[in-house]
Amino acid sequence: IADSLGFSPSLIQGHLSVAMKISRSAVGDPTLISSTKTYLAPPGLSQDRHIEGLPLGTRGGMLVTHNFPLDGEYEFAVAASGVAGAGGRGDGRLVGGGGDGFGGNPGAAESAPTLNITLDNQRLNAPNPRGFRIPITAGPHTIGVALIDRRPSAGAGVDDIYSVYGVQGAVNNVVISGPFNSAGVGQTPARKKIFTCYPKSANEESGCARQILTTLARRAFRQSPSAAEIESLVQFYEQSRKEADFETGIQDALARLLVAPRFLFRLEQEPAGITPGQAYNVSASDLASRLSFFLWSTIPDDELLDFAAKGSLTNPAILEKQVRRMLADPKSNALMSNFAGQWLYLRDLAGAQPVAPNFDDNLRLSFRKETELLFESILREDRSILTLLDADYTFVDERLAVHYGIPNIRGSYFRRVTLDPSSPRRGLLGQGSFLTVSSIATRTSPVIRGKWVLENLLGSPPPNPPPGVEINLDDPEATKVTTLRQRLEKHRANAVCASCHRMMDPIGLALENFDLVGTWRETDGKLSIDATGELVDGTPLHGIGDLRNAVLSRSDLFVTTATEKLMMYALGRTLEPYDMPTVRAIVKRAAKNDYKFSSIILGIVESAPFKMKMKQSAQKS
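Because the structure is a prediction, the values reported are computed rather than measured.

With an omega of 5 degrees, the peptide bond running from Gly 178 to Pro 179 counts as cis. Position of Pro 179 among the secondary structure elements: in strand E8 (residues 170–184). The phi angle at Asp 382 is positive, at roughly 50 degrees, despite the residue not being glycine. One non-glycine residue, Asp 594, lies in the positive phi region at around 60 degrees.

The interhelical angle for the contact between helix H4 (residues 202–221) and helix H5 (residues 227–243), taken along N-to-C directions, is 130 degrees, at an axis separation of 10 Å. It follows from the interaxial angle that H4 and H5 lie oblique. As H4 runs across H5, the sense of the crossing is right-handed. Residues Glu 205, Ser 206, Ala 209, Arg 210, Leu 213, Thr 214, Ala 217 and Phe 221 of H4 form the contact with H5, whose participating residues are Glu 229, Ile 230, Glu 231, Leu 233, Val 234, Tyr 237 and Arg 241. Here the residues of the contact of H4 with H5 sort into eight nonpolar, two polar and five charged.

If you look at the biggest cluster of nonpolar residues, it comprises 93 residues, and the most contacted ones within it are Phe 294, Leu 295, Leu 335 and Ile 601. Setting aside anything within four residues of it in sequence, one finds Phe 294 in contact with Leu 335, Leu 566, Tyr 569, Ala 570, Ile 601, Ile 604, Val 605 and Phe 610. Counting 26 residues, the second-largest nonpolar core is a separate cluster that includes Ala 209, Ile 250, Leu 254 and Leu 258.

With a probe scaled to a water molecule rolled over the atoms, the places where space remains empty come into view. Counted according to the given criterion, the structure contains two cavities of 30 Å³ or more. Its boundaries defined by the atoms lining it, the largest cavity holds a volume of some 90 Å³. Around the largest cavity, the lining residues are Phe 221, Arg 222, Gln 223, Arg 262, Phe 265, Arg 266, Leu 267, Glu 268, Ser 285, Asp 286, Ser 289 and Arg 290. The biggest single contributor to the lining of the largest cavity is helix H8 (residues 284–295), with four residues. Split by residue class, the lining of the largest cavity holds three nonpolar, three polar and six charged.

Turning to the packing of aromatic side chains, a few remarks are in order. To describe a pair of aromatic rings, you give the distance between the ring centres and the angle between the ring planes. Following the criterion strictly, the structure yields 20 aromatic pairs and no others. For the pair Phe 76 and Phe 132, a centre-to-centre distance of 5.3 Å together with 10 degrees between the ring planes defines the contact as stacked. In this pair, Phe 76 sits in strand E3 (residues 71–81) while Phe 132 sits in strand E6 (residues 132–136), placing the two residues 56 residues apart along the sequence. The interplanar angle of 40 degrees and the centroid separation of 6.3 Å between the aromatic rings of Phe 359 and Phe 367 together place this pair among those described as tilted. One aromatic cluster is present, formed by Phe 294, Phe 339, Trp 343, Phe 375, Phe 558, Tyr 569, Phe 597 and Phe 610 through successive ring pairs. Geometry around Trp 296 places Lys 331 over its ring, the cationic atom sitting 3.8 Å from the centre.

Counted according to the given criterion, the structure contains one disulfide. A sulfur-sulfur separation of 2.1 Å characterises the disulfide bridge that pairs Cys 197 with Cys 208. For the disulfide bridge between Cys 197 and Cys 208, the dihedral angle about the S-S bond is near 115 degrees, and by the sign convention the bridge is right-handed. Of this pair, Cys 197 sits in the loop between helix H3 (189–194) and H4 while Cys 208 sits in helix H4; the two residues are eleven residues apart in sequence, bridging distant segments of the chain. Each member of the pair, Cys 197 as well as Cys 208, is classed as buried.

Taken in spatial order, the four strands of this open sheet run E2-E7-E4-E5, and their pairing is antiparallel. Each of the sheet's edge strands pairs with one partner strand only, and the pair in question is strand E2 (59–68) and strand E5 (122–123). When strand E4 (residues 114–119) meets strand E7 (residues 139–148), the two strands line up antiparallel, connected through six bridges. Counted as the bridge partner of Leu 115 is Leu 147 from E7.

Of the residues making up helix H11 (residues 333–343), those classed as buried are Ala 334, Leu 335, Met 336, Phe 339, Ala 340, Gly 341 and Trp 343. Once H11 ends, the next one or two residues include Tyr 345, with phi positive near 65 degrees.

The next subject is the confidence of the model for the protein chain. Per-residue pLDDT for the protein chain has a mean of 88; in total, 88% of the residues score no lower than 70. When the elements of the protein chain are averaged for pLDDT, helix H17 (residues 476–481) gives the smallest value, 54, and strand E10 (residues 393–396) the largest, 98. Residue range residues 86–106 is modelled with pLDDT below 50. Its contacts to residues more than four positions away, or to other chains, number 46 contacts. In the predicted structure, residues 154–165 sits below a pLDDT of 50 and forms 19 contacts with residues beyond four places in sequence or in another chain.

Let us now look at the pairing of E6. Residues of E6 alternate between two faces, with Phe 132, Ile 134 and Ile 136 buried on one and Arg 133 and Pro 135 left unburied on the opposite face. Bridge count for E3 against E6 is five bridges, and the pairing is antiparallel. The residue bridging Phe 76 from the neighbouring strand is Phe 132, located in E6.

Strand order in the open sheet made by the four strands is E1-E8-E3-E6, with antiparallel pairing throughout. Lying at the two open borders of the sheet, with one neighbouring strand each, are strand E1 (35–40) and E6. On average, each strand axis in the sheet is inclined to that of its neighbour by 25 degrees, with strand direction left out of account.

We now examine the pattern of salt bridges. All told, the structure shown has 33 salt bridges when counted by the stated rule. Across the salt bridge formed by Arg 59 and Asp 149, the nearest N and O atoms sit 2.4 Å from each other. Here Asp 149 lies in the loop between E7 and E8 and Arg 59 lies in strand E2, a separation of 90 residues in the sequence. Its relative accessible area of 15% is what places Asp 149 among the buried residues. Between Arg 399 and Asp 360 there is a salt bridge, and its shortest N-O distance comes to 3.4 Å. Of this pair, Arg 399 sits in helix H14 (residues 398–404) while Asp 360 sits in the loop between H11 and helix H12 (361–380), and the two are 39 residues apart along the sequence. Salt bridges here are not isolated pairs; linked through shared partners, they connect Arg 218, Arg 219, Asp 302 and Asp 306.

Calculation rules
Residues numbered from 1 in each chain as written. Predicted model: local features only at pLDDT ≥ 70, side-chain atom pairs only at ≥ 80, totals over all residues. Heavy atoms only, no water. Helix = DSSP H or I, 4+ residues; strand = E, 2+ residues; numbered from the N terminus. Axes fitted to C-alpha atoms, helices over the stretch in contact; angles between N-to-C directions. Parallel < 35°, antiparallel > 145°, perpendicular 65-115°, else oblique. Left-handed = near helix turned anticlockwise from the far one by under 90°. Contact = heavy atoms within 4.5 Å. Nonpolar A, V, L, I, M, F, W, Y, C, P; charged D, E, K, R; others polar. Core = buried A, V, L, I, M, F, W, Y, C linked by side-chain atoms within 4.5 Å. Buried < 20%, exposed > 50% of the residue type's maximum accessible area, 1.4 Å probe, protein only. 1 Å grid on protein atoms, 1.4 Å probe; cavity = no way out; pocket = protein on both sides within 12 Å on 5 of 7 lines; lining within 4 Å. Points joined across faces, edges and corners; volume = space filled by probe spheres on them. Phe/Tyr/Trp six-rings, centres within 6.5 Å; stacked < 30°, edge-to-face > 60°. Lys NZ or Arg CZ within 6 Å of the ring centre and 35° of its normal. Disulfide = S-S within 2.5 Å. Pairing = 2+ DSSP bridges. pLDDT = per-residue confidence, 0-100. Salt bridge = Lys/Arg side-chain N within 4 Å of Asp/Glu carboxyl O.

This is the structure in structure tokens:
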């Protein structure tokens, strides 16, 4: 939401600092001194099973992508506990508990796992994982460190690759230092994009620099730069070139480009002669930026810029074709991670700390990925957005399948599974991501869950509680003899509280068969779960199935709410009452196409609020 954002002097200074760092990294700085970067394993990560992305046959570990600034040698140090070191001896810390790696358990080192270290999926021969040095080319590379058990569990056979072993051993961190003995800047992906030409002599430098900076400025400014803007960048290049070499000149000009207002802000051109309060169509280049930041969360690509430069992007047929192309592009995953991450509270999973014995960081990641994959399937397959509520499929790995009670799923990779019509896991309301972020640390919260459904799915947020109202639902004495439902009923006896809680509580109580991390349960402690209730309109509820059907029966409210959220995300502002006719028109049009995701996206992109702007009155100081 643009009007809630600010730009402080310290933030400006931060941009200046990071622009210089990025330009050095992108161009390459041969004078760079060695530095150290430490990658830590998440503290809640369980390392008893295979982790997706690491070699099959391994378990636990870490997968990190590191940008190596120069060609040269780099030193690695892997810190792991309970693993066997060189020659089969322990690492001297946790194997057997002794200082030499054996202690009082001579067989500990023989049973301890070993480390598997890979660089870009190729295994490295590292006799001493605690410190080794290898040559690496500049650019991004992926380092994987995992455990290999040398003594598999009893009875392991053809399923050996997925076997669960004892939880001995863990990878704690990976430390990367360098470069040492640098051999130059190399040929990184960034350099290939920057140096579209390279001078063979001093006479060619000026022309090549101008070509490079013009190309970069077109992408950075999301439209063709003016002659004055190019001259400003060229001046930075020339001033730096006098004191250093050609590449340093490009590096300093690039840093200047990265702090230019036209790059940092989405400035939109205003036609001449427009009076305050008058609406006008945004330019084709500004429309390209709006479209790209909406669907990709980044700048337009060359194809979109070319159509904008020709002025043909405003053609409805071309605009629709570009929208469909952009939705099919992998960059539209940003819509999934950014929009769905905010609307469905997936970002809040990172900070969730439920007190549950069956919850760990692996499950946290699986929760998020399940919901993201469901949203992605709706986007990629152009399904009805109602699929979010009642999908007859979901995506699970073994960890999540065990949590949900879905049988015959082995391995760490996610796969699509079909759900029975009576499954409580159909749709968003049965997914661990929603159920966890709508709980508190020690228990479920019917109030939070009910409020979440009303606000995010039905667009009917309950009013804020009156000031001074307090309640402790977790009184130690009360929790011994009463269920959460009974304690809520006592709270609703207060007439001031009842008006709001009668809206939220029945929805949340219908979800009480799911505990605070989404595990299915029949009892709350020693007391049976009662998931019945009645919505404010008299609709009876008997658990998750009835609640899902109740929300589906109000599909127009759900689609309207989803459209409002998408439109707010697309416009970068809150919606006003005068936007609602447009929202209703988009929903009505999408209904003719079964509320397909693309129909809602196209409706937003083709709407007046997205394609037009109103000149604001001058602000008085």
